[in-house]
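# Structural characterization, general
Each chain, written out:
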Amino acid sequence: MNVTTTIPAGYGFQNFANDGCARAGVLHTAHGKLETPAFMTVGTAGTVKAMTADAVRSTGCQCVRGNTYHLMLRPGADRIAALGGLHSFMDWPGPILTDSGGFQVMSLAALRKIDRDGVTFQSHIDGSHHRLTPAICMDLQYKFDSTITMALDECTAFPAAHDAAEASMEISMRWADLSKQSFRPRPGYALFGIVQGSIYKDLRHRSVNALRDIGFDGYAVGGLAVGEGQAAMLETLDATVPLLPEEAPRYLMGVGTPDDILSAVERGIDMFDCVIPTRAGRTARAYTTSGVHNLRNARFAGDPAPLDPGCGCPACTRHSRAYRHQLFRAGEMLGPMLLTWHNISYYQTLMRGIRASIQAGEFASHAAGLRADWKRQETSR
Ligand SMILES: [Zn+2]
């Protein structure tokens, strides 16, 4: 473990503890700090679904991840800018990271057409026509007042043949360069580049080199958790993360389960985001220290115990499993609200534990303990 104490002004990443490849640090931004390894809660359309901003803060979450695609279509970047930016619009003064919109254009928009300079598509909401180029993408995120802006990329579909993955990666690297040229730097704000290349190590290597040549404030690994499976994802990280600059934060996009996160931290990833805790919260799936439970299950109907006895979230300290079961069975909106609150709390508690173990130089034993618990829960189910 090595320790440094310099705190940079404005934006800066301070990596103050290493344990194996795992790192604990702090990302300083114009909107406050983000302790890493960090899990960013997904706030797609200017809100974390089913949560007030105060509730999100109470879980210990320090950064919300917004969606450029959704926000550009509704309510629009100019409107958000006119209303003072996304921080004041959604009452989240802390750091906000917005994605480039590329992923949603590929997965949601109709009639999308990619060319060398960008992508043209129709809104999934009203069929209106839109165009996203690196320059437009940078302008949108500037208007949102995003603390961390993501370069425009094409998330390569999976599976992809080597040729197709190579062509897609090359487009993303061209867009990364154009994004950097259009990004307007401000103190405490950052621009991250995104490594692509599917599961091909040579392509990932070339992508990292291209991004390092351009130079970014942080590096994301994109195009994973798209169906390749955990083993291929981890192999890709093994081939990618050691090539990334040590002094910059590393963000694994769209990941993942607690086990995915632990395995990626082990490989030197600092930041994560995923819909799992919030989406699961709306569908009665509870992440707890005793395993993943479906609260609709009849065995909870008369259970007076708290959902997760060790959890300090209001839902666990005030309500029984039986009450939560009742809320979901009756279709009450408080069910998703309370369970989202709990699931985000579970993820933030997981990250706090991981950070503390890295700082104490005990990450390996902490990870082994968590894995033993998860294995026991799986076999007892
Ligand atoms: Zn709880």
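Further up the page is the structure itself.
Throughout what follows, the structure given in this document is the object of discussion. (Residues numbered from 1 in each chain as written. Predicted model: local features only at pLDDT ≥ 70, side-chain atom pairs only at ≥ 80, totals over all residues. Heavy atoms only, no water.)

Our next topic: the coordination of the zinc ion. The protein atoms donating to the zinc ion are Cys 311 (SG), Cys 313 (SG), Cys 316 (SG) and His 342 (ND1), with metal-donor distances spanning 2.1 to 2.4 Å. Every donor counted, the four donor atoms about the zinc ion form angles of 98 to 123° at the centre, which fits tetrahedral coordination. As a motif over one chain, the donors of the zinc ion read C-x1-C-x2-C-x25-H. Pair noted here: Cys 311 is in the loop between strand E16 (291–294) and helix H12 (314–318) and His 342 is in helix H14 (residues 334–359), with a separation of 31 residues, a long-range link. Accessibility expressed as a relative area gives 0% for His 342, which makes it buried. (Donors = N, O, S within 2.8 Å, 3.2 Å for Na, K, Ca; no water. Tetrahedral: all angles 85-135°; square planar, octahedral: opposite > 155°, others 65-115°. Helix = DSSP H or I, 4+ residues; strand = E, 2+ residues; numbered from the N terminus. Buried < 20%, exposed > 50% of the residue type's maximum accessible area, 1.4 Å probe, protein only.)

Before going further, it helps to examine unusual backbone geometry. For the bond running from Arg 74 to Pro 75, omega is 15°, close enough to zero to count as cis. Here Pro 75 shows up in the loop between helix H2 (68–73) and helix H3 (77–82). Here the bond from Phe 158 into Pro 159 is cis, since omega is 0°, no more than 30 degrees from zero. On the secondary structure map, Pro 159 appears in the loop between strand E10 (148–150) and helix H7 (162–182). Even without being glycine, Ser 198 reaches a positive phi, approximately 50°. Among the structural elements, Ser 198 can be located in the loop between strand E11 (190–195) and helix H8 (201–214). Of the residues examined, Ser 198 reaches a relative accessible area of 5% and is grouped as buried. Unusually for a residue other than glycine, Ala 225 sits at a positive phi of about 60°. Within the secondary structure, Ala 225 sits in the loop between strand E12 (218–221) and helix H9 (230–240).

Moving on, we get to the packing of aromatic side chains. What the rule picks out here adds up to six aromatic pairs. Seen from their ring centres, Tyr 346 and Tyr 347 are 6.2 Å apart, and the 70° between their planes marks the pair as edge-to-face. An aromatic cluster is present here, built from Phe 39, Tyr 287, Tyr 346 and Tyr 347 joined pairwise through their rings. Cation over ring: Arg 184 sits above Tyr 142, and NZ or CZ is 3.7 Å from the ring centre. One cation-aromatic arrangement involves Arg 186 over Tyr 142; the distance from NZ or CZ to the ring centre is 3.9 Å. (Phe/Tyr/Trp six-rings, centres within 6.5 Å; stacked < 30°, edge-to-face > 60°. Lys NZ or Arg CZ within 6 Å of the ring centre and 35° of its normal.)

A separate point is the pattern of salt bridges. Pairing of side chains with opposite charge becomes possible as their charged atoms draw close. All told, the structure shown has 19 salt bridges when counted by the stated rule. Ionic pairing is found between Arg 23 and Asp 270, a salt bridge with its closest N-O pair at 2.8 Å. Residue Arg 23 is located in strand E2 (residues 22–29), and its partner Asp 270 is located in the loop between helix H10 (258–265) and strand E14 (271–274); the two are separated by 247 residues in the primary sequence. By relative accessible area, Arg 23 is classed as buried at 3%. A relative accessible area of 0% places Asp 270 in the buried class. (Salt bridge = Lys/Arg side-chain N within 4 Å of Asp/Glu carboxyl O.)

In this section: H8. Taking 1.5 Å per residue, 14 residues should reach 20 Å; H8 reaches 20 Å between its end C-alpha atoms and fits that length. Residues Leu 203, Arg 204, Ser 207, Val 208, Leu 211 and Ile 214 constitute the buried set of H8. Angular distribution of buried residues about the axis of H8 spans 135°; they occupy a single face of the element. Against H7, E11, E12 and H9 lie the buried residues of H8. Positive backbone phi, at 90°, marks Gly 215, one or two positions downstream of H8. (Expected span 1.5 Å × (residues − 1). Arc of directions from axis to C-beta. Contact = heavy atoms within 4.5 Å.)

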